[in-house]
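Chain by chain, the residues run as shown.
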Amino acid sequence: QVQLVESGGGLVQPGESLRLSCVASGSIFRLNTMGWYRQAPGKERELVATRSTGGSTIYADSVKDRFTISRDNAKNTVSLEMNNLKPEDTAVYYCYLRFLTVNPYWGQGTQVTVSS
């Protein structure tokens, strides 16, 4: 059974930074992709950033100059350093893990609110 636990969300002002972290546990195939999606009120869940064990990285255009994803393959952890946060970044951020199949695992989500 695979479990994902996120942490690090909170309330910040525009221009500030946050770091999100996620720890995966359970039966995880060694080759996988982990990352972050987010969902704002009234919108569909969207990709923020993902990184595979091989180092392949994807960023949403809206965050690629401000966010940095990193991971520790051995520990099955992934982090998202979010800099220069904007109100448009307000959303619930979900940790993401996929391996072998097209069906991903999801964390419970952590709220990020950017407001002055």
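Before any of the text, the structure's been laid out above.
Residues numbered from 1 in each chain as written. Predicted model: local features only at pLDDT ≥ 70, side-chain atom pairs only at ≥ 80, totals over all residues. Heavy atoms only, no water.

Draft legend 1. Geometry of the state of the cysteines. For the structure on display, the rule yields one disulfide. Bridging C22 to C95, the disulfide has an S-S length of 2.0 Å. Taking the sign of the S-S torsion, -90° for the link of C22 and C95, the bridge is left-handed. Separated by 73 residues along the polypeptide, C22 in strand β3 (residues 18-25) and C95 in strand β9 (residues 91-98) bring together distant segments of the chain. Assigned by exposure class, C22 and C95 land together as buried. (Disulfide = S-S within 2.5 Å. Helix = DSSP H or I, 4+ residues; strand = E, 2+ residues; numbered from the N terminus. Buried < 20%, exposed > 50% of the residue type's maximum accessible area, 1.4 Å probe, protein only.)

Draft legend 2. Up close: the pairing of strand β5 (residues 46-52). Where strand β4 (residues 33-39) and β5 come together, six bridges link them in antiparallel fashion. Within the sheet, the bridge partner assigned to T33 lies in β5 and is S52. If you look at the hairpin formed by β4 and β5, you'll find six residues sitting between the two strands, and G42 has a positive phi there, around 80°. Pairing between β5 and strand β6 (residues 57-59): three bridges, direction antiparallel. In the sheet register, T50 faces β6, and the bridge partner there is I58. The antiparallel pairing of β5 with β6 creates a hairpin that spans four residues between the two strands, and G55 there sits at a positive phi of about 100°. (Pairing = 2+ DSSP bridges.)

Draft legend 3. Region of the structure containing a nonpolar patch on the surface. A surface patch of nonpolar side chains, about 310 Å² in accessible area, is lined by F29, L31 and L100. With respect to the element layout, L100 can be found in the loop between β9 and β10 (105-106). With a relative accessible area of 69%, L100 lands in the exposed category. (Patch = residues over 30% accessible without salt bridge, like charges linked within 9 Å, V, L, I, M, F, W, Y side chains within 5 Å. Areas by Shrake-Rupley, 256 points an atom, 1.4 Å probe, with all protein chains shown as cover. Salt bridge = Lys/Arg side-chain N within 4 Å of Asp/Glu carboxyl O.)

Draft legend 4. Representation of the packing of aromatic side chains within the structure. The final tally for this structure, using the stated rule, is four aromatic pairs. Taking the centre distance of 5.1 Å and the plane angle of 85° together, the rings of Y37 and W106 count as edge-to-face. Placement of Y37 in strand β4 and of W106 in strand β10 is noted, with a sequence separation of 69 residues between them. The class of Y37 is buried, set by a relative accessible area of 16%. Each ring, one from F99 and one from Y105, has its centre 5.8 Å from the other, and the planes form 20°; the classification is stacked. Note on F99: relative accessible area 12%, which makes it buried. (Phe/Tyr/Trp six-rings, centres within 6.5 Å; stacked < 30°, edge-to-face > 60°.)

Draft legend 5. Just unusual backbone geometry, in detail. Phi angles above zero are rare outside glycine, and N76 is one such case at about 55°. Among the structural elements, N76 can be located in the loop between β7 (67-72) and β8 (77-82). In this structure, N84 is a non-glycine residue whose phi angle is positive, near 50°. With respect to the helices and strands, N84 occurs in the loop between β8 and β9. With relative accessibility at 37%, the residue N84 sits in the partly exposed group.

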